[in-house]
Amino acid sequence: MEAETHGKTGVVNDEVINEVHPPVGVSSLDYKALYERSLADSDGFWSEQARSLLTWFSDFQNVQQGSFETGDIAWFTAGKLNACYNAVDRHIPARANQVAIIHEADEPGQSTKITYAELLAKVCRVANAMKEMGVRKGDFVTLYMPMVPEAAIAMLACARIGAPHSVVFAGFSADALRDRILNASCKFVMTADEGKRGGKTIPLKRIVDAACSGCPCVKTVFVFKNTCADVPFAATRDVWMSELLPNMRPYCPCEAMDSEDTLFILYTSGSTGQPKGLAHTTAGYLLHTALTTKHVFDLKEGDVYACVADVGWITGHSYIVYGPLINGTTSLMFESTPLYPDHGRYWDLVQTHKVNQFYTAPTAIRALMRFGPEITEKYDLSSLRVLGTVGEPINPEAWRWYNEHVGKGKCSIVDTWWQTETGGHLMTPLPGITPMKPGSCCFPFFGVEPVVLDPKDGHELTGNDVEGVLAMKRAWPSIARTVYGDHERYLSVYMNPYKGYYFTGDGCRRDKDGYYWITGRVDDVLNVSGHRIGTAEVESALVAHASVSEAAVVGFPEPVKGQGLCCYVTLTAKAVESGDLVAELRMQVRQHIGAFATPDVIVISPGLPKTRSGKIMRRILRKVAEGESDSLGDVSTLADPSVVEVLIAKVADVM
Ligand code: 6R9
């Protein structure tokens, strides 16, 4: 398979921060010995972890089976357990009065707290309400929720009754929501009247109505009151949770789920076609998220842990809801943005709730860096011990800012590399153990065996100081088991490119000291502000416009977002180029996908660079968008080389 590294590169620095924060030795784990054991005696390692971290209704038989070649991976077969039981019930009575969830609302100063006992009662009422309305074990439920505790409560309620959830990030448009509801033939959707974010209102119920108008499969829409705004209500389909819940019993038994029963599906973008619903199963996912949360964030009794992602993404699933709650910690849910009402919001949050672990994305740090570090001085950040980053490579400059101004040089920075498909962290430093290098995700987690492959022939590049594509040589418990409804696609995207390996889609370098550096995607997936966007999805949104004949979308380096979207479009014969048309095309993408995928640059061009066989030369489009038109390479194989000059001039005009 052809793979060229073209993502944004974080590889600029080899310096080791030798001083491990907090000082080496503070953690009792011997990483090297435990890592070696996790590979040499994998069954022994994972079965011990599974029995000590999870509560089982009945024990499992085989620890692991299946292979990448056959795509039939299964962990802890024949075991019975329940995700919600592990996240909530088993902490009662010991943690009944401990806060499970802190909700920091969009408006500062409006936080609420829910104890584990309260969480159990709330989850049970929602679970009973769902059952009352006909939700049964095995039914898929789409959640389109704001960042309020009810989002986590709804997920846990689904898990409790064995109904896999399919959370759709509330920034997706009605069209995107409709596609996802249809893909899993969901009969049930759960939402709220409205959401709030950064002072803006998101009309969730109206978006759900628009989506459902094309979904005959939907029988019931559960609606939570959040802002209490007046919203349309379809009496034959919609139900108000506020009317159902008071009548529900605050206890509901947990379904005994098989280890390999689907816990949830979550859609993510790939290089081709529509987003894939990655399916995660119960036991392996819970174990891996529990174990990583515990060690990567160095959880201690009484900690307040804050991951400021949205539950609509895998980070929210694994590291706001399941991982922290299984560990019985206090998990904070943040409804707002880092800039609302001002750029001190994160630090206000840390000070107010005495946050010990703070987990965000490099794009947020870069956005805050622009304002200078002064505001971090105004807040007491002394509670912080571990600072995490996820979603994209962190540039060493942002890493240093985070370390110096937020961590005051005393915190561990954990640059966690993982994916929707991996369920949990695969490569990351461990606090108090790993000497950090700014910009490197350092080393594999326990039981994870990464390899760097030569993209040309797929052979393993052994030793240090090598660069290629990143793959995994053995399965880990939380690997996604399939693409919902399309197992062939699962095999062809992840398992077939390099036989015997799981292919990540990322480029990677292992430096002279064995540290891993992610160099970005090697496929046609872009990473804009830590959000995965498939170029094919944006292209299909653009060509759906009557004036567009062809579209090709590429990324270019953008200082805050990491990558920006550059869209080259050619028009149909009748269409007229205008500023209005460009605005319409932007709107078109927002409507098909969501505001987070809004194109940064739209270049209307007379043609696209193609080979004589008609293949679009994306390499050239990328170079032009990156402003590197002096290193285009050979363009002589193009059907019409003159088009390149026009594109260069056009891009220079709009950038
Ligand atoms: C968790 C999440 C996955 C892609 C992944 C990679 C990029 C994530 C990273 C990182 C460098 C890190 N990525 N974490 N790149 N360093 N620490 O983000 O999942 O939305 O599926 O994206 O994000 O390119 O392949 P997802």
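Remember, predicted model here, so these are calculated numbers, not experimental data. (Residues numbered from 1 in each chain as written. Predicted model: local features only at pLDDT ≥ 70, side-chain atom pairs only at ≥ 80, totals over all residues. Heavy atoms only, no water.)

Enquirer: Looking at this structure, I do not really get the UniProt feature "domain: AMP-binding enzyme C-terminal" (unreviewed entry) in the protein chain. What am I missing?
Expert: Here the UniProt feature "domain: AMP-binding enzyme C-terminal" (unreviewed entry) sits at residues 537-615. End-to-end, the C-alpha atoms of residues 537-615 are 18 Å apart, and along that stretch the chain is 27% helix and 32% strand. (UniProt positions renumbered as here; feature names shortened; annotations may be inferred. Helix = DSSP H or I, 4+ residues; strand = E, 2+ residues; numbered from the N terminus.)

Enquirer: Is there a simple way to explain the UniProt feature "domain: Acetyl-coenzyme A synthetase N-terminal" (unreviewed entry) in the protein chain in this structure?
Expert: Taking the numbering used here, the UniProt-annotated feature "domain: Acetyl-coenzyme A synthetase N-terminal" (unreviewed entry) corresponds to residues 31-87. Annotated as residues 31-87, this span is 47% helix and 11% strand, and its ends, taken at the C-alpha atoms, are 27 Å apart.

Enquirer: Honestly, the pairing of strand β17 (residues 330-334) in this entry has me stumped. Any pointers?
Expert: Regular strands have side chains that alternate between both faces of the sheet. Burial analysis of β17 places five of its five residues in the buried class, which makes it a mostly covered element. With burial as the criterion, each face of β17 is covered, one bearing Thr330, Leu332 and Phe334 and the other bearing Ser331 and Met333. Here four bridges tie strand β4 (residues 99-104) to β17, and the two strands are oriented parallel to one another. Among the inter-strand pairings, Ile102 is bridged to a residue of β17, identified as Leu332. Both strand β16 (residues 304-307) and β17 contribute to a ladder of three bridges, which runs parallel. (Buried < 20%, exposed > 50% of the residue type's maximum accessible area, 1.4 Å probe, protein only. Pairing = 2+ DSSP bridges.)

Enquirer: Hey, could you run me through helix α6 (residues 174-183) in this one?
Expert: If you check which residues of α6 are buried, you get Ala174, Ala176, Leu177, Arg180 and Ile181. Axial view of α6: buried residues confined to an arc of 160°, hence all on one face. Turning to α6, the residues buried within the fold contact β6 (141-144), β8 (188-192), α7 (204-212), β14 (262-268) and α17 (579-592). Once α6 finishes, Ser185 follows within two positions and takes phi at roughly 45°, a positive value. (Arc of directions from axis to C-beta. Contact = heavy atoms within 4.5 Å.)

Enquirer: How do you make sense of the environment of Asp59 when you look at a structure like this?
Expert: By secondary structure assignment, the location of Asp59 is in the loop between α2 (42-53) and β1 (64-65). Residues Asp59 and Asp310, 251 residues apart in the sequence, show an inter-C-alpha distance of 33 Å. With near-sequence residues (within four places) excluded, Asp59 lies in contact with Arg51, Ala78 and Gly79. Of note is the side chain of Asp59, whose polar atom sits 3.1 Å from the side chain of Arg51. (Polar contact = N/O pair within 3.5 Å; in protein donor to acceptor, adjacent residues only side chain to side chain.)

Enquirer: What's the story with the packing of helix α5 (residues 149-161) against helix α10 (residues 314-326) in this structure? I'm lost.
Expert: The packing of two helices is summarised by the inter-axis angle and the distance between the axes. Running from amino to carboxyl end, α5 crosses α10 at an angle of 60°, the nearest separation of the two axes being 11 Å. It follows from the interaxial angle that α5 and α10 lie oblique. Pair α5 / α10 crosses with right-handed handedness. Taking contact as the criterion, the partners of Ala152, Met155, Leu156 and Ala159 in α5 are, on α10, His317, Val321, Tyr322 and Leu325. (Axes fitted to C-alpha atoms, helices over the stretch in contact; angles between N-to-C directions. Parallel < 35°, antiparallel > 145°, perpendicular 65-115°, else oblique. Left-handed = near helix turned anticlockwise from the far one by under 90°.)

Enquirer: Is there a simple way to explain α10 in this structure?
Expert: Helical geometry: 3.6 residues make up each α-helical turn, so side chains three or four residues apart lie on a common side. Within α10, 13 of the 13 residues are buried, which leaves the element mostly enclosed by the surrounding structure. One or two positions beyond α10, positive phi appears at Gly328, with a value near 70°.

Enquirer: Looking at this model, I keep getting lost on the state of the cysteines. Mind explaining?
Expert: What is meant by a disulfide is a covalent connection between two cysteines, made through their sulfur atoms. In the structure shown here, the tally under the stated rule is zero disulfides. Cysteine Cys158 remains unbridged, with the sulfur of Cys186 as its closest cysteine sulfur at 9.5 Å. Relative accessible area serves as the criterion here: at 0%, Cys158 is assigned to the buried category. Sulfur of Cys215: no disulfide; nearest cysteine sulfur belongs to Cys217 and is 5.1 Å away. (Disulfide = S-S within 2.5 Å.)

Enquirer: Even after reading the chapter, I still don't get the nonpolar core, so can you show me in this structure?
Expert: Side chains of nonpolar character tend, in soluble globular proteins, to be buried together. Residues Phe76, Leu119, Met130, Leu156, Ile181 and Tyr322 are the most contacted members of the largest nonpolar core, which totals 170 residues. The leading source of residues in this core is α5, at ten residues. Not counting chain neighbours up to four residues away, the residues in contact with Ile181 comprise Thr142, Cys186, Val189, Ala211, Cys212, Cys215, Cys217 and Val218. (Core = buried A, V, L, I, M, F, W, Y, C linked by side-chain atoms within 4.5 Å.)

Enquirer: What's the story with the sheet that holds strand β21 (residues 450-453) in this structure? I'm lost.
Expert: Working definition: the strands of a sheet are paired by backbone hydrogen bonds and lie parallel or antiparallel to each other. With respect to topology, four strands assemble into an open sheet ordered β21-β22-β24-β25, the strand pairing being antiparallel. Edge positions in the sheet fall to β21 and β25 (516-521), since each of these pairs with one other strand and no more. For this sheet the average axis-to-axis angle between neighbouring strands, irrespective of direction, equals 45°.

Enquirer: Which parts of the structure should I look at to understand the packing of helix α18 (residues 618-625) against helix α19 (residues 642-654)?
Expert: Two numbers describe how α18 lies on α19: the axes approach to 9 Å, and their chain directions differ by 30°. In this view, α18 runs roughly parallel relative to α19, as classed from their interaxial angle. Crossing of α18 over α19 shows right-handed handedness. In this structure, α18 contributes Ile620, Leu621 and Val624 to the contact, and α19 contributes Val644, Leu647, Ile648 and Val651. Among the residues forming the contact of α18 with α19, the class breakdown is seven nonpolar, no polar and no charged. (Nonpolar A, V, L, I, M, F, W, Y, C, P; charged D, E, K, R; others polar.)

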